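Geometric and topological summary
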Amino acid sequence: MVTIVPSLMTERIESLKAGIVGAGAFAIAEFTTIVAQTVVSISLLKGVISPAVLDWQLLLHLAIGAVSGFLFGVTYRYIIRDDRNSHLSEGAVLAFSLVRGLALIENNLVLTDLLSLLFFILQSIVCFAIARSILDLAIKRKLIRPFV
(Lines give C-alpha, C1' and ligand atoms only; values in the text may rest on other atoms or scores of the structure.)
Protein backbone atom coordinates (compact mmCIF):
# COMPACT_ATOMS: atom_id res chain seq x y z
CA MET A 1 0.00 0.00 0.00
CA VAL A 2 1.43 3.38 -1.03
CA THR A 3 0.85 6.39 1.20
CA ILE A 4 0.85 9.75 -0.53
CA VAL A 5 2.40 12.44 1.62
CA PRO A 6 0.95 15.89 0.95
CA SER A 7 3.37 18.66 0.12
CA LEU A 8 4.34 21.31 2.63
CA MET A 9 2.48 23.97 0.64
CA THR A 10 -0.70 21.85 0.63
CA GLU A 11 -0.48 21.48 4.41
CA ARG A 12 -0.02 25.22 4.83
CA ILE A 13 -3.04 25.95 2.67
CA GLU A 14 -5.17 23.48 4.65
CA SER A 15 -3.98 25.08 7.90
CA LEU A 16 -4.79 28.53 6.54
CA LYS A 17 -8.29 27.35 5.59
CA ALA A 18 -8.80 25.86 9.06
CA GLY A 19 -7.60 29.11 10.62
CA ILE A 20 -9.94 31.23 8.53
CA VAL A 21 -12.91 28.98 9.33
CA GLY A 22 -11.99 29.04 13.04
CA ALA A 23 -11.61 32.83 13.05
CA GLY A 24 -14.92 33.41 11.30
CA ALA A 25 -16.86 30.94 13.42
CA PHE A 26 -15.38 32.27 16.66
CA ALA A 27 -15.97 35.94 15.76
CA ILE A 28 -19.59 35.32 14.77
CA ALA A 29 -20.24 33.26 17.92
CA GLU A 30 -18.60 35.90 20.09
CA PHE A 31 -20.57 38.73 18.48
CA THR A 32 -23.77 36.77 19.06
CA THR A 33 -22.96 36.21 22.74
CA ILE A 34 -22.09 39.90 23.19
CA VAL A 35 -25.42 40.94 21.66
CA ALA A 36 -27.26 38.39 23.84
CA GLN A 37 -25.45 39.63 26.95
CA THR A 38 -26.36 43.23 26.08
CA VAL A 39 -30.03 42.34 25.57
CA VAL A 40 -30.16 40.45 28.89
CA SER A 41 -28.38 43.29 30.71
CA ILE A 42 -30.79 45.87 29.32
CA SER A 43 -33.84 43.81 30.19
CA LEU A 44 -32.59 43.09 33.72
CA LEU A 45 -31.46 46.64 34.45
CA LYS A 46 -34.45 48.24 32.69
CA GLY A 47 -32.41 50.52 30.46
CA VAL A 48 -29.92 51.66 33.09
CA ILE A 49 -27.07 50.88 30.70
CA SER A 50 -26.87 51.75 27.05
CA PRO A 51 -26.74 48.98 24.46
CA ALA A 52 -23.43 47.97 22.93
CA VAL A 53 -22.63 49.87 19.78
CA LEU A 54 -20.00 49.16 17.17
CA ASP A 55 -17.26 51.19 18.79
CA TRP A 56 -13.54 50.59 18.66
CA GLN A 57 -13.53 48.53 21.88
CA LEU A 58 -16.08 46.07 20.53
CA LEU A 59 -14.25 45.85 17.22
CA LEU A 60 -10.94 45.30 19.05
CA HIS A 61 -12.59 42.61 21.20
CA LEU A 62 -13.91 40.86 18.08
CA ALA A 63 -10.54 41.18 16.32
CA ILE A 64 -8.75 39.58 19.27
CA GLY A 65 -11.41 36.87 19.30
CA ALA A 66 -10.88 36.28 15.58
CA VAL A 67 -7.14 35.89 16.13
CA SER A 68 -7.87 33.41 18.94
CA GLY A 69 -10.24 31.54 16.63
CA PHE A 70 -7.64 31.51 13.85
CA LEU A 71 -4.99 30.03 16.14
CA PHE A 72 -7.53 27.54 17.47
CA GLY A 73 -8.47 26.44 13.95
CA VAL A 74 -4.88 25.86 12.90
CA THR A 75 -4.02 24.06 16.14
CA TYR A 76 -7.25 22.02 16.17
CA ARG A 77 -6.45 20.63 12.72
CA TYR A 78 -3.15 19.30 14.04
CA ILE A 79 -4.63 18.05 17.31
CA ILE A 80 -7.33 15.83 15.86
CA ARG A 81 -5.42 14.44 12.85
CA ASP A 82 -7.29 11.33 11.67
CA ASP A 83 -8.02 10.34 15.25
CA ARG A 84 -11.62 10.79 16.35
CA ASN A 85 -10.85 10.77 20.08
CA SER A 86 -13.46 13.04 21.68
CA HIS A 87 -11.11 13.76 24.60
CA LEU A 88 -8.69 15.47 22.21
CA SER A 89 -11.27 17.76 20.65
CA GLU A 90 -12.99 18.57 23.95
CA GLY A 91 -9.62 19.08 25.63
CA ALA A 92 -8.60 21.53 22.92
CA VAL A 93 -11.77 23.57 23.47
CA LEU A 94 -11.32 23.59 27.24
CA ALA A 95 -7.60 24.38 27.05
CA PHE A 96 -8.08 27.36 24.72
CA SER A 97 -11.05 28.60 26.77
CA LEU A 98 -9.21 28.41 30.07
CA VAL A 99 -6.11 30.11 28.71
CA ARG A 100 -8.23 32.93 27.31
CA GLY A 101 -10.31 33.27 30.50
CA LEU A 102 -7.46 32.90 32.96
CA ALA A 103 -5.45 35.53 31.09
CA LEU A 104 -8.25 37.97 31.83
CA ILE A 105 -8.18 37.03 35.51
CA GLU A 106 -4.40 37.42 35.61
CA ASN A 107 -4.67 40.79 33.89
CA ASN A 108 -7.27 42.12 36.33
CA LEU A 109 -5.98 40.41 39.50
CA VAL A 110 -8.87 42.00 41.39
CA LEU A 111 -11.52 39.34 41.63
CA THR A 112 -14.29 41.67 42.71
CA ASP A 113 -16.53 40.79 39.80
CA LEU A 114 -16.20 37.01 39.81
CA LEU A 115 -19.50 36.55 37.99
CA SER A 116 -18.25 38.55 34.97
CA LEU A 117 -15.04 36.53 34.89
CA LEU A 118 -16.94 33.25 35.04
CA PHE A 119 -19.22 34.49 32.27
CA PHE A 120 -16.19 35.33 30.14
CA ILE A 121 -14.78 31.82 30.59
CA LEU A 122 -18.19 30.32 29.78
CA GLN A 123 -18.45 32.59 26.73
CA SER A 124 -15.03 31.40 25.58
CA ILE A 125 -16.05 27.75 26.00
CA VAL A 126 -19.20 28.32 23.95
CA CYS A 127 -17.35 30.20 21.20
CA PHE A 128 -14.54 27.65 20.92
CA ALA A 129 -17.10 24.80 20.96
CA ILE A 130 -18.98 26.43 18.09
CA ALA A 131 -15.73 26.93 16.19
CA ARG A 132 -14.88 23.26 16.81
CA SER A 133 -18.28 22.14 15.51
CA ILE A 134 -17.90 24.22 12.35
CA LEU A 135 -14.37 22.89 11.82
CA ASP A 136 -15.58 19.31 12.33
CA LEU A 137 -18.34 19.92 9.78
CA ALA A 138 -15.86 21.38 7.27
CA ILE A 139 -13.54 18.39 7.76
CA LYS A 140 -16.45 15.94 7.44
CA ARG A 141 -17.51 17.58 4.17
CA LYS A 142 -13.88 17.46 3.02
CA LEU A 143 -13.60 21.25 2.72
CA ILE A 144 -10.59 21.01 5.05
CA ARG A 145 -8.33 17.99 5.22
CA PRO A 146 -7.15 16.89 8.66
CA PHE A 147 -3.41 16.75 9.22
CA VAL A 148 -2.06 13.32 8.27
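Source: prediction; values computed, not measured. (Residues numbered from 1 in each chain as written. Predicted model: local features only at pLDDT ≥ 70, side-chain atom pairs only at ≥ 80, totals over all residues. Heavy atoms only, no water.)

1. Topic: the packing of helix α2 (residues 56-80) against helix α4 (residues 114-140)
For clarity, the threshold we go by: Helix axes are fitted only over the stretch in contact, all axes being lines through C-alpha atoms; the angle between N-to-C directions runs from 0 to 180 degrees. Starting at the N terminus, helices and strands are each numbered in turn, a helix being any DSSP run of H or I of at least four residues and a strand any DSSP run of E of at least two. By the definition adopted for this analysis, an angle is roughly parallel if under 35 degrees, roughly antiparallel if over 145, roughly perpendicular if from 65 to 115, and oblique otherwise. It is the rotation of the near helix from the far one that decides the hand of a crossing: anticlockwise by less than a right angle makes it left-handed, clockwise makes it right-handed. Here a residue-residue contact requires only that any non-hydrogen atoms of the pair lie within 4.5 Å. Ten residue types, Ala, Val, Leu, Ile, Met, Phe, Trp, Tyr, Cys and Pro, are classed as nonpolar, four, Asp, Glu, Lys and Arg, as charged, and the remainder, Gly among them, as polar.
Interaxial distance between α2 and α4 falls to 10 Å at its minimum, and their mutual angle equals 50°. By the angle class used here, α2 and α4 are oblique. For the pair α2 and α4, the sense of crossing is right-handed. Where α2 approaches α4, its residues His61, Ser68, Phe72, Gly73, Tyr76 and Ile80 are matched on the opposing element by Phe120, Phe128, Ala131, Arg132, Leu135, Asp136 and Ile139. Taken together, the residues that form the contact of α2 with α4 break down as eight nonpolar, three polar and two charged.

2. Overview of the environment of Lys17
Residue position: Lys17 is located in helix α1 (residues 8-45). Between the C-alpha atoms of Lys17 and Arg77, which are 60 residues apart in sequence, the distance is 10.0 Å. Look past the residues within four positions of Lys17 in its chain and what remains in contact with it is Leu143 and Ile144.

3. Structural notes on α4
What counts, and what does not: A helix is expected to span 1.5 Å for every residue after the first. Throughout, exposure labels follow a simple rule: accessible area from a 1.4 Å probe, protein chains only, divided by the maximum for the residue type, with under 20% read as buried, over 50% as exposed, and the rest as partly exposed.
With 27 residues, α4 should reach 39 Å at 1.5 Å per residue; the first-to-last C-alpha distance of 39 Å fits that figure. Of the positions making up α4, those classed as buried are Leu117, Phe120, Ile121, Gln123, Ser124, Cys127, Phe128, Ala131, Leu135, Ala138 and Ile139. Where α4 terminates, the next one or two residues include Lys142, which has phi positive at roughly 65°.

4. Concerning the side chain of Ser89
Within the fold, Ser89 resides in helix α3 (residues 86-108). Setting aside chain neighbours within four positions, we find Ser89 in contact with Tyr76, Ile80 and Arg132.

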